[in-house]
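# Fold and geometry: a report
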Amino acid sequence: MRRSNLSDFMESFLPVSKPLGALEMPPQERAPACPVTGRPAVRHIQWVAARLLTDLWRIEFKTDVRPSFRGIDRFGLWESPAGLYFFDPPLEGDRAFYAEFYARLNAKKLFSHQAIRHEFLIAARRIQAGARVLDVGCGFASFRLCVPQATYTGLDPHFAEGGAIDEVRNETLAQHLVEHAGFYDAVCAFEVLEHVRAPATLFAQMAQAVKPGGLIFVGVPHVPSAMTRIPNFLLNAPPHHLTWWTRSALTELAKGANAVVDNIEHVPWGGIDSLVYWIERCTPVKCTGAHFRGTGSWHAAAAFGLLGGRLAHRLLGTPATKDEGAGLLLTARRAAQETSQQ
């Protein structure tokens, strides 16, 4: 059977419920502001029922997201003028959510505290010996293993407690800036900005932490990508991911903080994220319009993709492909001379 007909074939025999993620948009609905530029969204992609996400998080990861969702009924998925996809309202996962979620990822062997992302290696090559490096939202501080030549400091209010890593502080970046503005040669945030409700604010703080002319690295998930084509892919949904990025959105992000873009590049697939590549290859349903639906066919496609993807990943490993890759990496510099506001 041809792949293009497989989705229709599955619909013919799988039980179908009302698609909870495909609610009609009321005519009075106002477009929310882009969290990067502040301009109104230009396109409404879909509604996603909070109940659907709550059930999927509970079933797939045994994680309770109800405290993070604060009783809301639905999320809107929108596209900004810069191509950024963002969820509204932008409700972040709390400390309890991340502790529970990463415990489940470790139990499923989908994550390791020592995992090295390919973007770590790309950024590490730009960091000089003796440089002061700040890793924002560092998690378990895996990046420090890639920069032994540097003086490393990590910040993470979710994971610092009990981590027993001397270089990691239980501080937000805003708290850290009180005594460390303009202190660092390089400031990094790998897979962090998509988790926060105000990415432009966080990036502006990163620019304040680095010296004039210093490096800023930002790694983010992107759209279109393998991740955005997998049906009901929870890792790309609230309260985990709140934004999906494009090159133009990263350019606007840097511009808003008076940072100069050095490069924006696709991050090649690596050992930690290539499972996503194989899940997308194996799922019989590929997202084109909506990304979340409460139908039997989509649940079955997601399960089939995960099972097939894990088998393919085990047999074939990291793919040797030059597609859109695992994400985007922005390399920028704080302007050597700040432009004064008139």
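In this text the structure is predicted, and so the values were computed from the model without any measurement.

Turning next to the overall build of the protein chain. Along the protein chain, the regular secondary structure elements total eleven helices and eleven strands. Here the protein chain holds 342 residues, and the buried ones make up 51% of them. When contacts within the protein chain are restricted to residue pairs at least 6 apart in sequence, long-range pairs at least 24 apart make up 73% of them.

Side chains of Ile116, Leu121 and Leu145 sit close together on the surface and give an oily, nonpolar patch of about 240 Å² of accessible area. As for its placement among the helices and strands, Leu121 is situated in helix α5 (residues 118–124).

Turning our attention to the sheet that holds strand β3 (residues 85–88). Ordered in space as β1-β2-β3-β9, the four strands form an open sheet in which the pairing is antiparallel. Looking along the sheet, the strands with just one partner apiece sit at the ends: β1 (43–49) and β9 (243–244). Where strand β2 (residues 74–79) meets β3, four bridges bridge the pair, whose relative direction is antiparallel. Residue pairing in the sheet places Trp78 in a bridge with Phe86 of β3. Packing against the sheet, helix α2 (residues 50–61) makes contact with β1 and β2, and its axis sits at approximately 55° to β1.

Taken in spatial order, the seven strands of this open sheet run β6-β5-β4-β7-β8-β11-β10, and their pairing is mixed. Both outer strands of the open sheet, β6 (168–169) and β10 (259–267), are each paired with one neighbouring strand and no more. Summarising the sheet, strand β8 (residues 210–220) and strand β11 (residues 327–334) pair through six bridges and their orientation is antiparallel. Counted as the bridge partner of Val220 is Leu328 from β11.

Let us now look at the nonpolar core. The nonpolar side chains of soluble globular proteins are, as a tendency, buried together. Judged by nonpolar contacts, the single largest core of 39 residues is most densely connected at Leu173, Leu193, Phe203, Met206, Val218, Trp245 and Leu250. For this core, the elements supplying multiple residues, two or more each, are β4 (132–136), α6 (173–180), β7 (184–190), α7 (199–209), β8, α9 (247–256), β10 and β11. A total of five residues in this core trace back to one element, the largest contributor, which is α7.

Once that is clear, we can look at α9. Residues of α9 that are buried include every one of Ala249, Leu250, Leu253 and Ala254, and no others. Viewed along the axis of α9, the buried residues span an arc of 135°, placing them on a single side of the element. Residues of α9 that are exposed and point more than 90 degrees away from the buried face comprise Lys255 and Gly256. Contacts from the buried residues of α9 go to α7, β8, β10 and β11.

Next up on the list: the pairing of β7. The buried fraction of β7 amounts to six of the seven residues, a majority that puts the element mostly inside the structure. Examined bridge by bridge, β4 and β7 share three bridges and lie parallel to one another. By the bridge assignment for β7, Asp135 is matched with Cys188. Taking the sense of rotation as the criterion, the β-α-β connection linking β7, α7 and β8 turns out right-handed.

This part is about the pattern of salt bridges. Under the definition given, this model contains eight salt bridges. Arg58 is the partner of Asp55 in a salt bridge, and the nearest nitrogen-oxygen pair spans 3.4 Å. Taken together, the residues Asp55 and Arg58, both in helix α2 and three residues apart, mark about one turn of the helix. What makes Asp55 partly exposed here is its relative accessible area of 27%. When its relative accessible area of 48% is taken as the criterion, Arg58 is described as partly exposed. We note a salt bridge from Arg126 to Asp262, for which the minimum N-O separation is 3.1 Å. A residue pair is termed long-range when its members are at least 10 positions apart, and Arg126 in the loop between α5 and β4 and Asp262 in strand β10 qualify at 136 residues. Assessed through its relative accessible area of 32%, Arg126 is described here as partly exposed.

This next bit is on the confidence of the model for the protein chain. Overall, the predicted model of the protein chain reaches an average pLDDT of 88, with 87% of residues at or above 70. Long-range and interchain partners of residues 1–25, a stretch whose pLDDT sits below 50, account for 49 contacts in this model, where long-range means more than four residues apart.

The rules behind each value
Residues numbered from 1 in each chain as written. Predicted model: local features only at pLDDT ≥ 70, side-chain atom pairs only at ≥ 80, totals over all residues. Heavy atoms only, no water. Helix = DSSP H or I, 4+ residues; strand = E, 2+ residues; numbered from the N terminus. Buried < 20%, exposed > 50% of the residue type's maximum accessible area, 1.4 Å probe, protein only. Contact = heavy atoms within 4.5 Å. Patch = residues over 30% accessible without salt bridge, like charges linked within 9 Å, V, L, I, M, F, W, Y side chains within 5 Å. Areas by Shrake-Rupley, 256 points an atom, 1.4 Å probe, with all protein chains shown as cover. Salt bridge = Lys/Arg side-chain N within 4 Å of Asp/Glu carboxyl O. Pairing = 2+ DSSP bridges. Axes fitted to C-alpha atoms, helices over the stretch in contact; angles between N-to-C directions. Core = buried A, V, L, I, M, F, W, Y, C linked by side-chain atoms within 4.5 Å. Arc of directions from axis to C-beta. Right-handed = clockwise from strand over helix to strand, strands pointing away. pLDDT = per-residue confidence, 0-100.

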